[in-house]
Amino acid sequence: SRSMAHHVRGIVGPRTALAHVTSLGLPEAPHELDVGMAWLPVTAAVMTALAQRSPEPAEADVRFERLGWGVIELCCDLSRDGAIVYLEPEYFGQVGQQLAAVFEGGARTVETATVNEALRAIGVIARAEEDEWDTVGLDAHRVMPDE
């Protein structure tokens, strides 16, 4: 699954948890994945919309490219309806890193993990011969929609 390039920034969680994103008026809607999950790309347009919603600057997590205050607030909000993962895998060929954080019950419960660890933490069970990334169907989303 990680033999090609991946450069994605976004939120993965149960469709039910990501469903109310549409009521927030963000410029991106969740995409359905497998095993009851959904994917919300955190695009540049989403970042701009979130910055306008919460003008209060706060500490961003510098380990991540896009995990600033607005995104953390959004993740906390969405996680009240089910545990979710914010992820930033960065691969080219076999080289790269995967960084993820887990949010549950309105709070960040895991500061950093690999994407597969984080997906396991929210209940994704990898199918035989696959990892959690493949099982949820993230392979269909290798690049950001706007970049």
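Preceding this section is the structure that the text describes.
Treat the numbers as computed from the prediction; the structure is a model and nothing was measured.

S.K.: What is the right way to look at the nonpolar core in this model?
M.R.: Nonpolar side chains in soluble globular proteins tend to end up buried together. Ranked by internal contacts, the top residues of the largest apolar core, which has 24 residues, are Ile11, Leu67, Ile84, Tyr86 and Phe103. Going through the elements one at a time, helix H1 (15–18), strand S4 (37–41), helix H2 (44–53), helix H3 (69–78), strand S5 (84–92) and strand S6 (95–104) are the ones with two or more residues in this core. In terms of residues, this core owes the most to one element, H3, which gives six residues. Ala100, Ala113, Trp133 and Leu138 belong to the second largest nonpolar core, which has 19 residues in total.

S.K.: Looking at this model, I keep getting lost on H3. Mind explaining?
M.R.: Helical periodicity: at 3.6 residues per turn, an α-helix aligns residues three or four positions apart in one direction. Along H3, seven of the ten residues are buried, which leaves the element largely enclosed by surrounding structure. Turning to H3, its buried residues number three or more, namely Gly70, Val71, Ile72, Leu74, Cys75, Cys76 and Leu78.

S.K.: Help me out: how do you make sense of the pairing of strand S2 (residues 10–14) in this one?
M.R.: Consecutive side chains of a regular strand alternate in pointing toward one face of the sheet and then the other. Most of S2 is tucked away, with five of its five residues classed as buried. Of the pairings in the sheet, the one linking S2 to S4 comprises five bridges and is antiparallel in character. Residue pairing for S4: glycine 10 is matched across the bridge by proline 41.

S.K.: Is there a simple way to think about H2 in this case?
M.R.: Among the residues of H2, Val46, Ala49 and Leu50 are the ones counted as buried. Down the axis of H2, the sector holding all buried residues measures 100 degrees, keeping them to one side.

S.K.: Is there a simple way to explain unusual backbone geometry in this structure?
M.R.: The bulk of non-glycine residues show a negative phi, and the bulk of peptide bonds are trans. Of note in this structure, valine 35 is not a glycine but carries a positive phi near 45 degrees. For valine 35, the location among the structural elements is in the loop between strand S3 (31–32) and S4. According to the relative accessible area criterion, valine 35 is partly exposed, its value standing at 46%. Backbone geometry places glutamate 129, a non-glycine residue, at a positive phi of 70 degrees. Summarising the element assignment, glutamate 129 is placed in the loop between helix H4 (115–121) and helix H5 (132–136).

S.K.: Please explain the side chain of glutamate 88 as it appears in this structure.
M.R.: Looking at the secondary structure, you find glutamate 88 in strand S5. You can call glutamate 88 buried: its relative accessible area is 4%. Polar side-chain contacts of glutamate 88 include one of 2.7 Å to the backbone nitrogen of glutamate 65. A polar contact of 2.8 Å, which involves the side chain of glutamate 88, links it to the backbone nitrogen of arginine 66. Once you skip the residues sitting within four places of it in the chain, glutamate 88 turns out to touch Val8, Arg9, Phe64, Glu65, Arg66, Leu67, Gln97, Gln98 and Leu99.

What counts and how
Residues numbered from 1 in each chain as written. Predicted model: local features only at pLDDT ≥ 70, side-chain atom pairs only at ≥ 80, totals over all residues. Heavy atoms only, no water. Core = buried A, V, L, I, M, F, W, Y, C linked by side-chain atoms within 4.5 Å. Buried < 20%, exposed > 50% of the residue type's maximum accessible area, 1.4 Å probe, protein only. Helix = DSSP H or I, 4+ residues; strand = E, 2+ residues; numbered from the N terminus. Pairing = 2+ DSSP bridges. Arc of directions from axis to C-beta. Polar contact = N/O pair within 3.5 Å; in protein donor to acceptor, adjacent residues only side chain to side chain. Contact = heavy atoms within 4.5 Å.

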